[in-house]
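Next come the chains, spelled out residue by residue.
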Amino acid sequence: MDDRSTYQPGKGKLKIYIGMSAGVGKTYRMLQEAHSLYNNHVNVKIGYIETHRRKETEALIEGLPVIARRQVFYKGKQLEELDVQSILLLAPQVVIIDELAHTNIPGSKNEKRWQDVLDVIEAGIDVITAINIQHIESINQEVKKITGVEVQETVPDKMLQLANEVVNIDLTADELITRLKEGKIYDTSKIQQALQNFFRPDKILQLRELALKEVAGQVERKVDYEVTRDNLLRHEKFLACMSSNHETAQHIIRKTARLASYYNSTWFVLYVQTPKESADKIPLAAQRHLINNFKMATEAGAEVLQVKHTNIAEAIMQTCIEKEITTVCIGKPHLNLLQVILSTGAFNKLLKELSINDIDLIILS
């Protein structure tokens, strides 16, 4: 009889392996850890592993208990998904769940796998998972500048904040390119194209720097937050002020999410609906964009606040006082809008009120 005990009720722990790109060895390392846990009589199971047909990774699955994947028919094809219900019923102490940024098949309980992971943790089960740096929401656009490719599947920064442990799997550019040439990352037919595009030394170095900074920052912030500090030191609370302008709102949400992650702080997103933007006056497309941005902000860890007011500056100030905000983040105003604000005195009044209440203002470029 197996003496591996079932985990007791309570919130599970989250461990995330981060890498600068595919092929650095995140899945391999997770399986190594699973073997170590199993050999030490820990009730560990494989929930979902993506080997990408890498022989050395596939070999490591042998000897480990695997939870069967959920079989789903979608558009005439049989596909496999993480079986969250089986994990919850079996209740292992630790479960390995790969590909954190994965989008679930339509009709699944959750839209994203990271949401499945939250369900598993809430049930008191520890999760070990993995992600590439380009899938972190607030870094997504920064990676696009480096690689020229925008990754569609992202994970909100709050997952890193929730993690009990974040580990970087690091390789030098030369080591990663050698692995690629040896056929350990992609099929032989894709190697040359990969070398000319994503796996160029200059791009790898920049991604490596991003990954190292991100993990170092997470460790530093966790130490700052958890180690006993001067009680008089105020904890940051950010307020992102968004408009119905879709792209500007997304930019403000991403940048404020980054700041909140850096300071390990609570943050809010405020949308002030003026009479000009009432439901019967705002275009349907703008309404859809607003809803999508509210969803994006919520997934990124913000509390979304919708306020009806005739004066945006007054609404911002009232929210600051109510929520004890320390820093307000706004987008860079268009010149004509800035002239209107200054001419009405609303902006000057806001600045004065913020100053009186010792609240910082950040204008995001």
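Quick note: structure is the one above.
Student: Could you clarify how one ought to interpret the overall build of the protein in this entry?
Tutor: Tallying secondary structure elements over the protein gives 14 helices and twelve strands in all. Counting over 365 residues, the protein shows a buried share of 46%. Considering only intrachain contacts with a sequence separation of at least 6, the fraction spanning at least 24 residues in the protein is 73%. Counting every atom, the protein has about 19,600 Å² of accessible surface; 51% of that belongs to carbon and sulfur.

Student: Is there a simple way to think about the packing of helix H10 (residues 246-263) against helix H11 (residues 284-299) in this case?
Tutor: How two helices pack is summed up by the angle between their axes together with the distance between the axes. Where H10 contacts H11, the axes come no closer than 10 Å and their chain directions differ by 5°. Relative to H11, the element H10 lies roughly parallel. In contact with His246, Ala249, Gln250, Ile253 and Arg254 of H10, H11 contributes His289, Asn293, Met296 and Ala297.

Student: I keep staring at the sheet that holds strand S8 (residues 237-242) and nothing clicks. Help me out?
Tutor: What holds strands together in a sheet is hydrogen bonding between their backbones, with the strands either parallel or antiparallel. A sheet is described by the order of its strands in space; here five strands give the open sequence S10-S9-S8-S11-S12, paired in parallel fashion. Among the strands making up the open sheet, the edge pair consists of strand S10 (303-308) and strand S12 (360-364). Going across the sheet, the axis of each strand differs from the next one's by a mean of 25°, ignoring polarity. When S8 meets strand S11 (residues 327-331), the two strands line up parallel, connected through three bridges. Each residue of the ladder has a partner; that of phenylalanine 238, found in S11, is threonine 327. The strands touched by H10 within the sheet are S8, strand S9 (266-273), S11 and S12, with S8 carrying the most contacts at an inclination of about 175°.

Student: Explanation requested: H10 in the structure shown.
Tutor: Because each turn of an α-helix spans 3.6 residues, side chains separated by three or four positions end up pointing in the same direction. Taking 1.5 Å of rise per residue, the 18 residues of H10 would be expected to cover 26 Å, and the 26 Å separating its terminal C-alpha atoms lies within 8% of that figure. Structurally, the start of H10 carries an N-cap: the backbone nitrogen of glutamate 247 is 3.4 Å from a side-chain oxygen of asparagine 245. In the segment just after H10, asparagine 264 is the residue with positive phi, at about 50°.

Conventions we followed
Residues numbered from 1 in each chain as written. Predicted model: local features only at pLDDT ≥ 70, side-chain atom pairs only at ≥ 80, totals over all residues. Heavy atoms only, no water. Helix = DSSP H or I, 4+ residues; strand = E, 2+ residues; numbered from the N terminus. Buried < 20%, exposed > 50% of the residue type's maximum accessible area, 1.4 Å probe, protein only. Contact = heavy atoms within 4.5 Å. Areas by Shrake-Rupley, 256 points an atom, 1.4 Å probe, with all protein chains shown as cover. Axes fitted to C-alpha atoms, helices over the stretch in contact; angles between N-to-C directions. Parallel < 35°, antiparallel > 145°, perpendicular 65-115°, else oblique. Pairing = 2+ DSSP bridges. Expected span 1.5 Å × (residues − 1). Polar contact = N/O pair within 3.5 Å; in protein donor to acceptor, adjacent residues only side chain to side chain.

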